[in-house]
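Secondary and tertiary structure notes
Residue-level listing of the chains:
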Amino acid sequence: MIVFLQSLISGVLIGGVYALIGIGLTIIFGVMRVINFAHGEILMLGMYLTWNLFTRLGIDPYVSVLICIPVMFVFGGLLQKLFINRMLGALPQNQILLTIGLGLIMSNTMMLIYTSDYQILTTSYSSSSFSLGGISISEPLAISFLITAAITAVLYWFLMKTDTGQAIRATAQDREAAQLMGINVQWMSILAFGMGSALAATAGALISPTYYIFPQVGGTFTLKAFVITVLGGMGSIVGATLGGIIIGVAESMSAVYISSGWKDVVVYVLFLLVLLFKPSGLMGKSRM
Amino acid sequence: MMKKLVSCVLAASFALPGLATAANVKIGVINSMTGPEAPIGENLTNGIKLAQEDLKKKGINVDLVWEDDTGKPQIAMSAMEKLATRDNVAGVVGPYTSACSNAVAKLAEKYKVPLLVPAAAKEEITRQGFKWVFRMNAPADQYAASLIDGALAMGKPKTVAFIYENTDFGTSTTKTAKEYVAKKGIHVVADEPYSKGSPDYRSTLTKIKSKNPDLVFMVSYVADAILLMRQAKEVGLKPQAFLGGGAGFTTVQFAKEREISNNVFSCTQWTEDVNWPGARDFFKRYKAKFGKEPTYHAACAYESMIIMAETAAKSAGNRDKTRTALKAGKWSGIMGDVKFEDYAGFTNQNNHQMLVQQLQNGSYETVFPTKFATKKPIFPFTGWK
């Protein structure tokens, strides 16, 4: 029973961070109908930013989120303005190639600067945990989860209640109609890409105290983000949150009850089953 | 004055007989000097350079022919062909990697060139009955055996849990380890391969914790080694001992993470504090000359070059005589006693004594076998701080 609860809690906590990655991707897709295959690489940039802030300036990884968000928001906005905007009407495969190419440039640039060595960020709490009724809960993961929850809540409020948020949602629902209503859709796209990038980078910052950092780390997370987003329903924030947690728990459970070598198989079987029986994803109908 | 000098020289030459005849010898070196294996290859290069200096002091001028294999077997093979046919070397030391060494071994046999492999671990290299291939270091099966032997000498472990990456390196090391524990009557309670690069091993470690094993045996590279130990601490895994099968567990980076690396056992071919003749001196001189601490690869390469050059010089560069002398000879140096024997399917294999080391307060201490130990092992595991 303890083992079951332990793996459930670990799964939920890690799933929270996955959700953050998925939400970023889903916002970008929702507004622009572009799948950002450089999402994992943006996360990797967030990790390196956090690592640099920590090793050079001694800024705690969780505090560095405050720096990561604006910096990567601007970075994402620039990417959108300079590259992606020009491709909005283009064929989907061209958009995919563009984002893959951007991702390759990012990871190889980082390799040029930092070499392909693993960087490990060690904080005083990197391996601490506290016990809750016999179940040990990782301190860094718990903090990440709380930060993730707070960011998701703020994001939800922003999209639901503010004028800008409503404009972004309108753009996601119907780009042309939104434009006719006087919404600057170009600007909304830049905002959405900036937000998506900031969220990916935040996820990177949040996992850096418990994970290792290297230039090729992005690929794994791009794939994960893609699965989470499709599983939850493309463009749905609630779906991405749910998807992230489901993937986290599925990984954790299959590592315990099958074998950790098989956990990816379990995740993809689950993914295929959802696609077979509910092709639009779990929350497929709703658009934010 | 002149007379005095002449008599001095005469006296010296009488005191050290044979030196005048064994002046020059040509030895080939194949090593990974560039390419992905270069960071470790550098250790071998430096060890060999230091050996060359020391040989010169003994009156042996070694003419080294350097070949860079860039870590690729096909390049190592063409380097061997060149050394054997064009350069006419008396013997070859190298290459570093298992893949290169295994490829080169076949050519050494073909061209009848004595080859001394300093540090490649793949068992097969000396298991093919080759007459011209010698190996200094202990092969891979010794890694697990020495750790388990160490644990058995320190306590009475009954159960063991394996957690290892599902790559060639992880699975093959664990396979020999599993066979060995079966022989020793230790029960395997968990067998967990994992795919590299996963951010979360907590659930697997919790599962292992629930089985309450006496020993936890891990095979990982450095990043996963740190992650595994961090998360083992988080879930409160507390066996009698953590055994790290080489690789990530023997790195400076791992040792730096004191909070989680303390009291972890691992095994190695050589340490600076072992009481083999000249080991500590080698460490000091190496550090002074190259500004870095030598790894066991450096020590293996150093001793290999000393043995190869001395033997070849004594045999006046004759390959056949060199081979016979290597086979018959016995040495004692920074790698302990060296003798190339045939046993357990191996041919010309130095039955090298692996060392078990333990991280105590951030530094690696040799703790087993007892006769080479500098510190007492801390056993069982004292728990997390």
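Note that this is a predicted model, so its numbers are computed, not measured.

**A look at the overall build of chain A**
- A tally of helices and strands in chain A yields 11 helices and 4 strands.
- Oriented by its inertia axes, the alpha-carbon framework of chain A measures out at about 60 × 50 × 35 Å.
- For chain A, with 288 residues in total, the buried portion stands at 56%.
- For chain A, contacts bridging at least 24 residues in sequence account for 77% of all contacts bridging at least 6.
- Accessible surface computed for chain A: about 11900 Å², of which carbon and sulfur atoms make up 72%.
- Side-chain charges in chain A split into 12 positive and 9 negative, and the spacing between the mean points of these groups amounts to 9 Å.

**Details of a nonpolar patch on the surface**
Residues and elements named next belong to chain A.
- A contiguous nonpolar surface patch, about 1200 Å² in accessible area, is contributed by Met 1, Phe 4, Leu 5, Tyr 257, Ile 258, Trp 262, Val 265, Val 269, Leu 273, Leu 276 and Phe 277.
- Mapped onto the nonpolar patch, the elements with two or more residues apiece are helix 1 (2–32) and helix 11 (263–277).
- No other element matches helix 11, which puts 5 residues into the nonpolar patch.
- Within the element layout of this structure, Val 269 appears in helix 11.

**What to know about the packing of helix 10 (residues 237–257) of chain A against helix 7 (residues 202–211) of chain B**
- Their axes nearest at 8 Å, the elements helix 10 of chain A and helix 7 of chain B cross at an angle of 30 degrees. One way to sum up the angle between helix 10 of chain A and helix 7 of chain B is to call them roughly parallel. The handedness of the crossing between helix 10 of chain A and helix 7 of chain B is right-handed. In contact with Ser 252, Ala 255 and Val 256 of chain A of helix 10 of chain A, helix 7 of chain B contributes Ser 203, Thr 204 and Lys 207 of chain B.
- Along the lines of polarity and charge, the residues of the contact of helix 10 of chain A with helix 7 of chain B split into 2 nonpolar, 3 polar and 1 charged.

**Description of the pattern of salt bridges**
Residues and elements named next belong to chain B.
- In total, this model carries 23 salt bridges over all chains according to the counting rule given.
- Across the pair Glu 365 and Lys 375 runs a salt bridge, and its minimum N-O distance is 3.3 Å. With Glu 365 in strand 16 (residues 363–368) and Lys 375 in the segment after strand 16, this pair connects stretches of sequence that are 10 residues apart.
- With a relative accessible area of 40%, Lys 375 lands in the partly exposed category.

**Overview of the packing of aromatic side chains**
- Going through the model one piece at a time under the given rule, you end up with 24 aromatic pairs over all chains.
- Ring centres of Tyr 211 of chain A and Tyr 212 of chain A lie 4.8 Å apart, and the angle between their planes is 15 degrees; this geometry places the pair in the stacked category. Side by side, Tyr 211 of chain A and Tyr 212 of chain A carry an identical accessibility label, which is buried.
- Centre to centre, the rings of Phe 242 of chain B and Phe 381 of chain B are 5.2 Å apart; their planes meet at 90 degrees, and the pair counts as edge-to-face. Placement of the pair is Phe 242 of chain B in strand 9 (residues 241–244) and Phe 381 of chain B in the segment after strand 16, with a sequence separation of 139 residues.
- Chaining the aromatic ring pairs together yields one cluster made of Tyr 118, Tyr 211, Tyr 212, Phe 214 and Phe 221 of chain A.
- For the cation-ring pair, Arg 127 of chain B lies above Phe 346 of chain B, with the distance from its terminal atom to the ring centre recorded as 4.3 Å.

**Quick notes on the interface of chain A and chain B**
- Taken residue by residue, the interface counts 32 residues in chain A and 30 residues in chain B.
- A buried area of about 2600 Å², summed over both sides, lies between chain A and chain B, and 50% of it is on carbon and sulfur atoms.
- Where chain A packs against chain B, one counts 0 salt bridges.
- Where chain A meets chain B, there are 11 residue pairs in polar contact (both at pLDDT 80 or more).

**A closer look at the UniProt feature "domain: Leucine-binding protein" (unreviewed entry) in chain B**
- On the UniProt side, "domain: Leucine-binding protein" (unreviewed entry) is annotated at positions that read residues 25–362 of chain B here.
- From the first C-alpha to the last, residues 25–362 of chain B spans 43 Å; its make-up is 45% helix and 22% strand.

**Details of the UniProt feature "transmembrane region" (unreviewed entry) in chain A**
All names here are of chain A.
- Here, the residues flagged by UniProt with the feature "transmembrane region" (unreviewed entry) are residues 12–35, 62–84, 96–115, 135–159, 190–214, 226–249 and 261–278.
- Between the C-alpha atoms that bound residues 62–84 the distance is 30 Å, and the span itself is 78% helix and 0% strand.
- The span residues 135–159 is 84% helix and 16% strand, and its two end C-alpha atoms sit 36 Å from each other.

**Here's the deal with the sheet that holds strand 6 (residues 159–165) of chain B**
Residues and elements named next belong to chain B.
- Judged by pairing direction, the sheet is mixed, and its 7 strands sit side by side in the order 7-6-8-9-10-15-16 without closing on themselves. For this open sheet the edge positions go to strand 7 (187–194) and strand 16, each flanked by a neighbour on one side alone. On average, each strand axis in the sheet is inclined to that of its neighbour by 25 degrees, with strand direction left out of account.
- Judged from the 5 bridges that link them, strand 15 (residues 355–360) and strand 16 form a sheet pairing that is antiparallel. When the bridges of strand 16 are listed, Val 356 appears paired with Phe 368.
- Against the sheet, helix 7 touches strand 6, strand 7 and strand 8 (215–219), its axis set at about 180 degrees to strand 7.

**Section: helix 3 (residues 65–82) of chain A**
Residue and element names in this part refer to chain A.
- Look at helix 3: 25 Å from first C-alpha to last across 18 residues, which is about the 26 Å you get at 1.5 Å a residue.
- Looking at helix 3, one finds that the buried residues are Val 65, Cys 68, Met 72, Gly 76, Gly 77, Leu 79 and Gln 80. Angularly, the buried residues of helix 3 cover 155 degrees about the axis, an arc narrow enough to put them on a single face. Of the residues in helix 3, the exposed ones pointing more than 90 degrees away from the buried face are Leu 66 and Val 74.
- Next to the buried residues of helix 3 lie helix 1, helix 2 (39–57), helix 4 (92–114) and helix 8 (185–207).

About the cut-offs
- Throughout this document, residue positions are counted from 1 along each chain, in the order its sequence is written.
- Chains carry letters and ligands carry numbers; both start at the beginning, A for chains and 1 for ligands, and go up in the order they are written.
- With the structure being a predicted model, the display of local features is reserved for residues of pLDDT at least 70 and the display and counting of side-chain atom pairs for 80 or more, all residues being used for whole-chain, interface and lining totals.
- Hydrogens and water molecules were not included; the side-chain quantities draw on all heavy atoms of the structure.
- Numbering goes from the N terminus for both helices and strands, where a helix is a DSSP run of H or I of at least four residues and a strand is a run of E of at least two.
- Accessibility here uses a 1.4 Å probe with only protein chains present; expressed as a share of the type maximum, an area under 20% marks a residue as buried, one over 50% as exposed, and anything in between as partly exposed.
- We call two residues contacting when some pair of their heavy atoms lies within 4.5 Å.
- Using the Shrake-Rupley algorithm and a 1.4 Å probe, accessible areas are obtained, with residue cover drawn only from the displayed protein chains.
- In this tally, Asp and Glu contribute negative charge and Lys and Arg positive charge; neither His nor the terminal groups of the chain are included.
- Charge coordinates come from a single atom per side chain, which is NZ of Lys, CZ of Arg, CG of Asp or CD of Glu.
- For patches, a residue must show more than 30% relative accessible area and have no salt bridge; joins then use 9 Å for like charges and 5 Å for nonpolar side chains, namely Val, Leu, Ile, Met, Phe, Trp and Tyr.
- Salt bridges, as used here, are contacts in which a Lys or Arg side-chain nitrogen is within 4 Å of a carboxyl oxygen on Asp or Glu.
- Fitting a line to C-alpha atoms yields each axis, with helices limited to the stretch in contact; the angle taken between N-to-C directions then spans 0 to 180 degrees.
- If an angle is under 35 degrees, it is roughly parallel; if it is over 145, roughly antiparallel; if it lies from 65 to 115, roughly perpendicular; otherwise it is oblique.
- The handedness criterion is simple: a crossing whose near helix is rotated anticlockwise from the far helix by less than a right angle is left-handed, and one whose near helix is rotated clockwise is right-handed.
- For this scheme, ten residues count as nonpolar: Ala, Val, Leu, Ile, Met, Phe, Trp, Tyr, Cys and Pro. Four count as charged, namely Asp, Glu, Lys and Arg, and the remainder, Gly too, count as polar.
- Classification of ring pairs rests on two measures: the distance between centres of Phe, Tyr or Trp rings, Trp counted by its six-membered ring, which must be within 6.5 Å, and the angle between planes, read as stacked under 30 degrees, edge-to-face over 60 and tilted in between.
- Lysine and arginine charges are scored as sitting over a ring when NZ or CZ, respectively, is within 6 Å of the ring centre and within 35 degrees of the ring normal.
- As a working definition, buried area equals the accessible area (1.4 Å probe) given up by two parts on being put together, with both sides summed.
- Nitrogen and oxygen atoms within 3.5 Å of one another constitute a polar contact, given that in protein one can donate a hydrogen and the other can accept it, and given that sequence-neighbouring residues count only through two side-chain atoms.
- UniProt positions are given in the numbering used here, feature names are shortened, and annotations may be inferred rather than shown by experiment.
- Think of it this way: DSSP has to see at least two bridges between two strands before they count as a pair.
- Between the first and last residue of a helix there are one fewer steps than residues, each counted as 1.5 Å, and that sum is the expected span.
- It is the directions from the helix axis to the C-beta atoms whose arc is reported.

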